[in-house]
Amino acid sequence: GTLGGNGTIVSNVIVDGQVLPGTSRGADIGTLTITGSLTFNSGSETTLRLGAPLSVVDSSLTPAQMQVFINALPDVDPTTQHDSIDVSGILTLSVGMAIHVTSPGFTSYAYGQYFDLFDFASLSGITTQAEADAILNLPSIGGLVWDTSLFVGKGIVFVVPEPSRMLMVLLGGM
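Calculation rules
- Residues numbered from 1 in each chain as written.
- Predicted model: local features only at pLDDT ≥ 70, side-chain atom pairs only at ≥ 80, totals over all residues.
- Heavy atoms only, no water.
- Helix = DSSP H or I, 4+ residues; strand = E, 2+ residues; numbered from the N terminus.
- Rg over C-alpha atoms; globule rule 2.2 N^0.38 Å.
- Buried < 20%, exposed > 50% of the residue type's maximum accessible area, 1.4 Å probe, protein only.
- Contact = heavy atoms within 4.5 Å.
- Lys, Arg positive; Asp, Glu negative; His and termini not counted.
- Charge placed at Lys NZ, Arg CZ, Asp CG, Glu CD.
- Pairing = 2+ DSSP bridges.
- Phe/Tyr/Trp six-rings, centres within 6.5 Å; stacked < 30°, edge-to-face > 60°.

*Asks:* Just to check I follow, could you spell out the overall build of the protein for this structure?
*Replies:* In terms of helices and strands, the protein carries five helices and 17 strands. For the protein, the C-alpha radius of gyration of 16 Å lies close to 16 Å, the compact-globule estimate for 174 residues. Overall size of the protein, expressed as C-alpha extent along the three principal axes, is 55 × 30 × 30 Å. Out of the 174 residues belonging to the protein, those deemed buried represent 44%. Taking the intrachain contacts of the protein between residues at least 6 apart in sequence as the baseline, contacts between residues at least 24 apart amount to 74%. Here the protein contributes 4 positively and 14 negatively charged side chains, and the mean placements of these two sets differ by 7 Å.

What follows is the structure, given as structure tokens:
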């Protein structure tokens, strides 16, 4: 089945189907809050829509500096910028589940933008960057790439230059 909408569920939730945060079962941007634990079993999926970044970090920072900066920020939940899932307990993301991130109508990606897709007290199931990358299905963003290094710890993805372009910037070739 499908669980969708804005609001709060006061219970533990186990997903064997699909989760669509936002009004009209995912048609509009919103936040689904679980005051308990949320488990996505293998074969389940969620689709999160991007409308705008939560914020933008100074583009003069290197990707490594940007990661440190974003990691140190206090938790700020998106309200109208993009979908999110907020879990007060344990979020379990199982190998074999899928997180689809779409951006209908939003194409203005820029270096330094970040998106807080999930908030959680702790994460179980996937524990490595490779496992996170295997379940994340992020949109193509041209000459930029997604940095998912903060996903396992904070549920955040952010935009950085494609590595060869960053090398050119650092060498003063652009």
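*Asks:* Can you walk me through the pairing of strand β12 (residues 113-116) in this structure?
*Replies:* Burial of the side chains of β12 extends over both faces: Q113 and F115 are buried on one face and Y114 and D116 on the other. Where β12 meets strand β17 (residues 156-161), three bridges bridge the pair, whose relative direction is antiparallel. Looking at β17, one finds that Y114 is bridged to F158.

*Asks:* I tried to follow the sheet that holds strand β15 (residues 136-137) on my own but got confused; where do I start?
*Replies:* By definition, the strands of a sheet pair up through backbone hydrogen bonds, in either a parallel or an antiparallel sense. Reading across the sheet, the five strands line up as β1-β4-β7-β11-β15 and stay open at both edges, with parallel pairing between neighbours. Whereas interior strands pair on both sides, the edge strands pair on one side only; in this sheet they are β1 (2-5) and β15. Examined bridge by bridge, strand β7 (residues 45-49) and strand β11 (residues 98-102) share five bridges and lie parallel to one another. Within β11, the residue paired with L48 across the bridge is V101.

*Asks:* I tried to follow the packing of aromatic side chains on my own but got confused; where do I start?
*Replies:* The relative placement of two aromatic rings is captured by the distance of their centres and the angle of their planes. Applying the stated criterion to the full structure yields six aromatic pairs. With a centroid separation of 6.4 Å and an interplanar angle of 70 degrees, the aromatic rings of F106 and F115 are classed as edge-to-face. Judged by relative accessible area, which is 10%, F106 ranks as buried.

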